2 protein chains.
Amino acid sequence: MSDKDIIEFFLNPKSVALIGASKNPMKGGYRILNNLVANNFEGEIYPINPNAEGELFGKEFKNSVLEIEEDVDLAIFYVPNKMIPELLDECIQKGIKGAIIEASGFEEIGEMGLDLRDEIIKITNNFSKIRIVGPNCMGLTRIDIDSKSKEKGGFFSSFLVFNKYRRGNIGVISQSGMVNGGYFTHLTTKYPGLGFRYVCSIGNKMDLSENEFLEYMIEDDTVNVIAVYLESFENPRKFVEMCKRAKKIPQKTIILVKGGITSEGQKATLSHTGALSENSRLINAIIKQSGAIQAKSFYDLFLYARTFSMMYNEDKTLPEKGNTSIIVGSGGAGTILTDLIANYGLKLPTLNDQAYKTLVSIFPEWMPPNRFALVDIWPAMEKAMGERADPNMVMKKAYNSVLGDPQIEGLFNMMFCSKQFRAMSNVELLIDIIHNNPKPVFFYLIGENKEVKKNMKLLSENNIPSFTNLEDLVKNFKILVQESNSTYPNSY
Amino acid sequence: MSDKDIIEFFLNPKSVALIGASKNPMKGGYRILNNLVANNFEGEIYPINPNAEGELFGKEFKNSVLEIEEDVDLAIFYVPNKMIPELLDECIQKGIKGAIIEASGFEEIGEMGLDLRDEIIKITNNFSKIRIVGPNCMGLTRIDIDSKSKEKGGFFSSFLVFNKYRRGNIGVISQSGMVNGGYFTHLTTKYPGLGFRYVCSIGNKMDLSENEFLEYMIEDDTVNVIAVYLESFENPRKFVEMCKRAKKIPQKTIILVKGGITSEGQKATLSHTGALSENSRLINAIIKQSGAIQAKSFYDLFLYARTFSMMYNEDKTLPEKGNTSIIVGSGGAGTILTDLIANYGLKLPTLNDQAYKTLVSIFPEWMPPNRFALVDIWPAMEKAMGERADPNMVMKKAYNSVLGDPQIEGLFNMMFCSKQFRAMSNVELLIDIIHNNPKPVFFYLIGENKEVKKNMKLLSENNIPSFTNLEDLVKNFKILVQESNSTYPNSY
């Protein structure tokens, strides 16, 4: 099988045997089955456990894979490390072609784990008889249809049950199981608009590694953004080569968090996935050469992924020069934002005459607008209110003037969210303008927490990024700049 | 009057005249009165407006301050800029000693504004006849009693009405009015545990500046943390001197965001508060010399303020060497955290024998704990569950072993928050240990958003900082390190 076919096989199995299925809800073997069934996995499912009898979720227990009459594509292992070689041998006998091993206790525990690995290599004839994802992982997730829909579905093999998810254009490859576990739950409940296509926990990558998954997602049109967490590069040259290839594909972006970039972090990876990490300088050179966008934490990784996901969903024109503009209702926020923009290498250009003239028309005489692209909208609002005009029209005019200036590639809009002042911060009225304009618009939301959340949700549903931290906002625009995609959005 | 007496006078007026009070709820003059009355300001209030009749909130309108029979301490101005000189003159005639001018349209608008300023200087005889806060500000706030309490109260002169606030040990001095307006609302609703004593919007600081307010808060025992936003230093030498003095006072910390640290940002400050900013290098030298903690944005400013506020509330011992420790349930999070710790100049020391032995006793044989202070707790949890032991006891033991090691000055605990797994992530059971230990404990919370919020609230009520971003967590511990208080928590 080609690498692509192998991953296709792992992500779209027609039938799975769950080795270590359990009736005890506190055990992972129960929850994997629950996860598969509750999320409408369409293939056949065979729970395997010689100590269990009867059925669970309507699926009958068997003692061994050898008792299954039909063909089985994939085995999912949730049994202690020591039991794996023997059970793997049975899978090979049965003709099963792939195994996801979720148990830990291999490379990361030292000698005994390394012996177990050697045994597996021998039994599988160096993975020629059966291919392996893991061990020490949290399985693979494929999302076909949103959890909100009655027809929700896909393939869910994590030992955490997922109730809330959306299908989207993000694919994840991670050496941290958490990303296909608690962190996935975190993401899908914190950012309800965020949609995923695949989440692949690759663990110790004894056999299959980031290489095959990355290759697959680069070629898969349903994936635009590939978020990667690695503790080691399986093949640095291949990684760089694949990232370079991805950069040539429209609407394809790779974002990477590399764990173990310090010697201290490397000690941590050793006890986590048994990864023997590379020299820090080498790592940085690999990342720089690859042109992948580097994030420092899971938080940044998924905020960046969200931003790209939204931009691709809306087919936005990504900035090339980093020329942006600001509309704020607070001079202080405008000042801090301007400093951050300068420090992150972005620019606020001088407005062209047409844009400036339109702004002049909405501003009071005693407080004319700036000549550069920082619009402190408050005096214009005051003028409108004094003239009993609609403040929303003022905002629309400001939007059109700034976004109409060809040099300007994006807009940062600060919005004060308050129940009392809803009329003046009507995000809804701006959504059409934003949808119909190819330039990215980012929001900075402050005010009453409930109103902030409400607006954030509305914006998110419309693929408009919003932030409550100005530095996050600037960093997330900076990563979009295409010339400098390879530059790390360093803080100053 | 001494500087201290002046600020005392402004923050604790016995009676105020509100010049520009209005019956129109869309006007600031309405909302300031609303803010004063709704929050039980105890002094007399006189609404002044020759175009209004009758009463508002039980207070009778007068045409001019000259019609008030009693003595008046303070005037609050919410009228257009051009009207101010004449009305100020009336205040002087009335013997009013202080004025808060909230109107904009002075230094920040250029020539006409500068003329107005000159006129005010002349009328007030260079501020000897009446002292001024502002113009272009959002007033002063003093919080005496929480808004939750029936007796809620203080002095509230912002033109935004505040409904939710807590009294606490944070004092704010800001050249951005937003901080005594929409951003204050944001903070008090986003971080309900956060308590403030004063919020002072100083605007263009035509007369009184950060100098007098800072001096006052340094000497005021009810304030531990002073959060400052400045667009210019009124007197850099004095600022440095005051910060140095504050560093010698126990439980007193100054945190600063300086707006206009880039030439672009300086253009922004000019149109905001008319601040003619200093050279970037000079600014950085001033900040470094002052030893104040520098933040890059409002977000960092108030997250840092929250952290110090909590530490002082609990009388925690602040770290000196930056030696910390980690308890996580995810190797990936542990690895990223370890990298961040190293990059921010913190350390994870080798555990002493006693701590290590205790950990060994709770870990399974096949997966012993690390020798250095990174505890990946999962194998110990699995062992406990296998032995039908209480996983919370495992956590408690891990806490005691790590916090019992004298070299270790703090603990970072990652907690997975899930309704299903509440038994395993019972934050409540840890609160006593944390309260009774002088070392700071910070939480990294992930999982279902609702559960995260719930735990965050509980932790916050107990003065325990929690974060959903590992870099925020590390930065907020870094600023506590006393040796390097003057070092800017730079990103790497």
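None of the values given here were measured: they were computed from a predicted structure.

1. As for unusual backbone geometry
Okay, so step 1: In this structure, the amide linkage connecting A:Gly134 to the following residue, A:Pro135, adopts the cis form with an omega of -5°.
Okay, so step 2: Within the chain, A:Asn125 stands out as a residue other than glycine whose phi angle is a positive 50°.
Okay, so step 3: Among the residues examined, A:Asn125 registers a relative accessible area of 48% and is labelled partly exposed.
Okay, so step 4: Of note in the backbone geometry, B:Gln251 takes a positive phi value of approximately 55° without being a glycine.
Okay, so step 5: Secondary-structure assignment places B:Gln251 in the loop between helix H7 (236-247) and strand S13 (253-258).

2. Describing the packing of aromatic side chains
Okay, so step 1: Tallied over the entire structure, the rule returns 38 aromatic pairs over all chains.
Okay, so step 2: Taking 4.6 Å as the distance between ring centres and 50° as the angle between the ring planes, the aromatic pair formed by B:Phe162 and B:Phe184 counts as tilted. With B:Phe162 in the loop between strand S9 (153-156) and strand S10 (167-174) and B:Phe184 in helix H5 (residues 182-190), this pair connects stretches of sequence that are 22 residues apart. Of the two residues examined, B:Phe162 and B:Phe184, each falls in the buried class.
Okay, so step 3: The interplanar angle of 65° and the centroid separation of 5.8 Å between the aromatic rings of B:Tyr198 and B:Tyr216 together place this pair among those described as edge-to-face. With a gap of 18 residues between them, B:Tyr198 in strand S11 (residues 196-201) and B:Tyr216 in helix H6 (residues 210-219) connect regions that are remote in the sequence. Neither B:Tyr198 nor B:Tyr216 differs from the other in exposure class; each is buried.
Okay, so step 4: If you follow A:Arg371 out to its NZ or CZ, it ends over the ring of A:Tyr356, 4.2 Å from the centre.
Okay, so step 5: Over the face of the ring belonging to B:Phe467 we find B:Arg306, whose NZ or CZ atom lies 5.2 Å from the ring centre.

3. A short note on the environment of A:Tyr299
Okay, so step 1: Mapped onto the elements of the fold, A:Tyr299 is located in helix H10 (residues 298-313).
Okay, so step 2: Separated by 112 residues in the primary sequence, A:Tyr299 and A:Leu187 have C-alpha atoms spaced 9.4 Å apart.
Okay, so step 3: Not counting chain neighbours up to four residues away, the residues in contact with A:Tyr299 comprise A:Tyr183, A:Lys190, A:Tyr191, A:Asp472, B:Thr468 and B:Asn469.
Okay, so step 4: Of note is the side chain of A:Tyr299, whose polar atom sits 2.7 Å from the side chain of A:Asp472.

4. Details of the relation of the copies chain B and chain A
Both copies of the chain are related by one operation, a rotation about an axis with a shift along it.
Okay, so step 1: For the pair chain B and chain A, the superposition axis carries a translation of 0.0 Å, the fit reaches an RMSD of 0.0 Å, and the rotation angle comes to 180°. When the rotation and shift are considered jointly, the pair of chain copies conforms to a two-fold rotation axis.
Okay, so step 2: By residue overlap, the copies meet face to face through one surface: 100% of the interface positions of chain B are interface positions in chain A.

5. Concerning the sheet that holds strand S17 (residues 411-417) of chain A
All names here are of chain A.
Okay, so step 1: Here five strands make up an open sheet; going across it, the order is S16-S15-S17-S18-S19 and the pairing parallel. In this open sheet, the two edge strands, each paired with only one partner strand, are strand S16 (374-376) and strand S19 (466-467).
Okay, so step 2: Against the sheet, helix H17 (residues 470-478) contacts S17, strand S18 (441-447) and S19, and its axis sits at roughly 175° relative to S18.

Thresholds, definitions, all that
Residues numbered from 1 in each chain as written. Chains lettered and ligands numbered in written order. Predicted model: local features only at pLDDT ≥ 70, side-chain atom pairs only at ≥ 80, totals over all residues. Heavy atoms only, no water. Buried < 20%, exposed > 50% of the residue type's maximum accessible area, 1.4 Å probe, protein only. Helix = DSSP H or I, 4+ residues; strand = E, 2+ residues; numbered from the N terminus. Phe/Tyr/Trp six-rings, centres within 6.5 Å; stacked < 30°, edge-to-face > 60°. Lys NZ or Arg CZ within 6 Å of the ring centre and 35° of its normal. Contact = heavy atoms within 4.5 Å. Polar contact = N/O pair within 3.5 Å; in protein donor to acceptor, adjacent residues only side chain to side chain. Least-squares fit on C-alpha atoms with pLDDT ≥ 70 in both. Pairing = 2+ DSSP bridges. Axes fitted to C-alpha atoms, helices over the stretch in contact; angles between N-to-C directions.

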